[in-house]
Amino acid sequence: MAHDMTTPPLTVRAQPLTAEAFAPYGEVIAHQGAERRHFLTEPMRHGQQVSRQACWVSRVNGRAAGPVAIELMERHPHAAQTFVPLTATPYLVVVAPTGTDGLPDMTRLAAFLASGSQGVCYRVGTWHHGLTVLDGPAEFFVLMGQTGRGDDDEFWQAPAPHAVVSLPG
């Protein structure tokens, strides 16, 4: 997406997080269907370079108020990354497919509102915005495979906000 200081950022409206809508980017972690267990396929998926599984708890103190400017995207080229809320705090999930240049295709940005009872697992290589809580503070259990070589995270910084996610209310 060509973007300069005179081009207004793309506005994307956040929609409710559903398994069907999020499927191109990963997996929603929530019980689905009538069976006792809902098995997940993505959280342990990784490439051959991954040598260990790492997990931690992230705390996000701030909360989003009003439109959220999207300036920094990240992806993990070797492993899926999973977030499971430990507090019943709604949060914003923002994703973009990879463009032909290998960077996030911001023209196809998608935004979802996750309830405090839904987690997400980003597929290997999925561009996503950092955790943005709608009512903080919040804590998340995070699981991700790592290579141990320092190449587990890639970031893309926009020179100006490329998109703004509007929140309900």
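In short, a report on the structure. From a predicted model like this one, the values you see are computed outputs, not experimental measurements.

Let us now look at the nonpolar core. If you look at the biggest cluster of nonpolar residues, it comprises 20 residues, and the most contacted ones within it are Ile70, Met73, Leu92, Leu109, Val165 and Leu167. Elements with a minimum of two residues in this core: β5 (68-70), β8 (91-96), β9 (110-114) and β15 (163-166). Listed in part, the 18 residues of the second largest apolar core include Val28, Val93, Phe112 and Ala114.

A word on the side chain of Asp105. Relative to the elements of secondary structure, Asp105 occurs in the loop between β8 and β9. Other than its neighbours up to four places away in sequence, Asp105 contacts Ala96, Pro97 and Gly99.

The mixed open sheet is built from three strands, whose spatial order is β1-β15-β5. Since the sheet does not close on itself, it has two edges, and those belong to β1 (10-13) and β5, each with one partner. Taking each pair of neighbouring strands and ignoring which way they run, the sheet shows an average axis angle of 30°. Where β1 and β15 come together, four bridges link them in parallel fashion. In the strand pairing of β15, Thr11 is matched with Val164.

By the secondary structure assignment, Val84 is in strand β7 (residues 81-85). Looking at Val84, the relative accessible area reads 27%, which means it is partly exposed. Other than its neighbours up to four places away in sequence, Val84 contacts Ile29, Gly119, Glu139, Phe140 and Phe141.

It is worth spelling out the sheet that holds strand β3 (residues 26-29) at this point. Spatial strand order, β3-β10-β7-β13-β4: five strands in an open sheet with antiparallel pairing. The open sheet has two edge strands, β3 and β4 (52-60), and neither has a second partner. Strand-to-strand twist in this sheet, taken as the mean axis angle between neighbours without regard to direction, amounts to 15°. Judged from the three bridges that link them, β7 and strand β10 (residues 119-122) form a sheet pairing that is antiparallel. Opposite Thr82, over in β10, you have Cys121 as the bridge partner.

About the criteria used
- Residues numbered from 1 in each chain as written.
- Predicted model: local features only at pLDDT ≥ 70, side-chain atom pairs only at ≥ 80, totals over all residues.
- Heavy atoms only, no water.
- Core = buried A, V, L, I, M, F, W, Y, C linked by side-chain atoms within 4.5 Å.
- Buried < 20%, exposed > 50% of the residue type's maximum accessible area, 1.4 Å probe, protein only.
- Helix = DSSP H or I, 4+ residues; strand = E, 2+ residues; numbered from the N terminus.
- Contact = heavy atoms within 4.5 Å.
- Pairing = 2+ DSSP bridges.
- Axes fitted to C-alpha atoms, helices over the stretch in contact; angles between N-to-C directions.

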